[in-house]
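Tertiary structure, described
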Amino acid sequence: AVHLSNMFNADYRLEAVSGKGVVRNALFIGGAKMPSLFSRYSDNTKENTYKIQDHFVPNVLFLFIGANDYSNIKNPSINNFVTGYIEMLHKIVKDYFIYADQGTKIVSICDIEFNTELCFNVKNAVKNFAYAYKYVYYVEIPQGTQGKNETGCIGHPNARGQRRMAEAVYESVKAILSEWLI
């Protein structure tokens, strides 16, 4: 998100919490899931302590979430994950995009190389959610994007890997944001 925002010379707010998923956290990590963390300053504060509309209404929100749900011995069921992802999108629009009629865009990004089932399910959730909210998009990071020495802790992309991922989706995101780019 940082590299992609920088490529568009855009301000950003980053919400990144290790191990948190949409419906299931990675491995044996307990606690809240990501849908409830968007409204918190940190993992250990109460919900609704951070209200994005009190600070700014974003033009675009990039979601790169779901991999932790698929970092377990058993993946969540398709229905469970897709339903949870759709509920998360509804929560984001309801809680944070009070000015949704202004066209705040939600771009869900998925790395096909990590897990094809995950990306299929994210794409399915976005497609279904688009009936309720027209400004939601799916963008896929193509296979072969990650090179050698571009991962860090537990397979997470390092700075170079994140930059390559941003470069790989830049044109797709540019097309989505084209009305703002003059």
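The following refers to the structure shown. (Residues numbered from 1 in each chain as written. Predicted model: local features only at pLDDT ≥ 70, side-chain atom pairs only at ≥ 80, totals over all residues. Heavy atoms only, no water.)

1. Describing unusual backbone geometry
Filter applied, for reference: By the criteria applied, helices consist of DSSP H or I runs no shorter than four residues and strands consist of E runs no shorter than two, each listed in order from the N terminus.
Unlike most non-glycine residues, Asn 9 shows phi in positive territory, near 55 degrees. Following the sequence through the fold, Asn 9 ends up in the loop between α1 (2–7) and α2 (34–37).

2. What to know about the packing of aromatic side chains
Selection rule: Here the aromatic set is Phe, Tyr and Trp, taking the six-membered ring for Trp, and pairing holds for ring centres within 6.5 Å; pairs whose planes are under 30 degrees apart are stacked, those over 60 apart are edge-to-face, and all others are tilted. Exposed residues in this analysis have more than 50% of their type's maximum accessible area, buried residues have under 20%, and partly exposed residues fall in between, with area computed by a 1.4 Å probe over protein chains only.
In this structure the tally under the stated criterion is five aromatic pairs. Relative to Phe 81, the ring of Tyr 70 has its centre 5.3 Å away and its plane inclined at 75 degrees; by these criteria the two rings are edge-to-face. With Tyr 70 in the loop between β1 (60–63) and α3 (78–96) and Phe 81 in helix α3, this residue pair connects regions lying 11 residues apart in the sequence. The exposure class of Tyr 70 is buried, given its relative accessible area of 6%. Seen from their ring centres, Phe 81 and Tyr 85 are 5.8 Å apart, and the 45 degrees between their planes marks the pair as tilted. In this pair, Phe 81 and Tyr 85 are both assigned in helix α3, four residues apart and thus about one turn of the helix distant. The residues Phe 81 and Tyr 85 share a single accessibility class, namely buried. Following the ring pairs from residue to residue traces out a cluster consisting of Tyr 70, Phe 81 and Tyr 85.

3. Re the environment of Val 136
The following threshold applies: Residues count as neighbours in contact if any of their non-hydrogen atoms are within 4.5 Å of one another.
Looking at the secondary structure, you find Val 136 in strand β3 (residues 136–141). The contact partners of Val 136, leaving out residues within four places of it in the chain, are Leu 89, Ile 106, Val 126, Phe 129 and Ala 130.

4. Comments concerning the sheet that holds strand β2 (residues 105–111)
We count it as follows: Should DSSP find at least two bridges between two strands, the strands are taken to pair. Lines are fitted to the C-alpha atoms to define the axes, a helix being fitted only along its stretch in contact, and any angle between axes, read from their N-to-C directions, falls within 0 to 180 degrees.
In spatial order, the strands read β1-β2-β3; together these three strands make up an open sheet with parallel pairing. For this open sheet the edge positions go to β1 and β3, each flanked by a neighbour on one side alone. Averaged over all pairs of adjacent strands, the angle between their axes in this sheet comes to 20 degrees, without regard to strand direction. Of the pairings in the sheet, the one linking β2 to β3 comprises six bridges and is parallel in character. Bridge pairing links Val 107 to Tyr 137 in β3. With respect to the sheet, helix α4 (residues 116–129) is in contact with β2 and β3, its orientation differing from that of β3 by roughly 165 degrees. Of the strands in this sheet, β1, β2 and β3 touch helix α5 (residues 159–176), which is tilted by about 150 degrees from β3.

5. Some details on α4
Heads up, the rule is: In this scheme, a helix's expected span is set at 1.5 Å multiplied by one less than its residue total. Within this analysis, the arc is defined by the directions that extend from the helix axis to the C-beta atoms.
Taking 1.5 Å of rise per residue, the 14 residues of α4 would be expected to cover 20 Å, and the 20 Å separating its terminal C-alpha atoms lies within 8% of that figure. For α4, every residue scored as buried is listed here: Leu 118, Cys 119, Asn 121, Val 122, Ala 125, Val 126 and Phe 129. Summarising the axial view, the buried residues of α4 lie within an arc of 165 degrees, below the 170-degree limit, and thus occupy one face. Seen from the open side of α4, the exposed residues pointing more than 90 degrees away from its buried face are Phe 120 and Lys 127.

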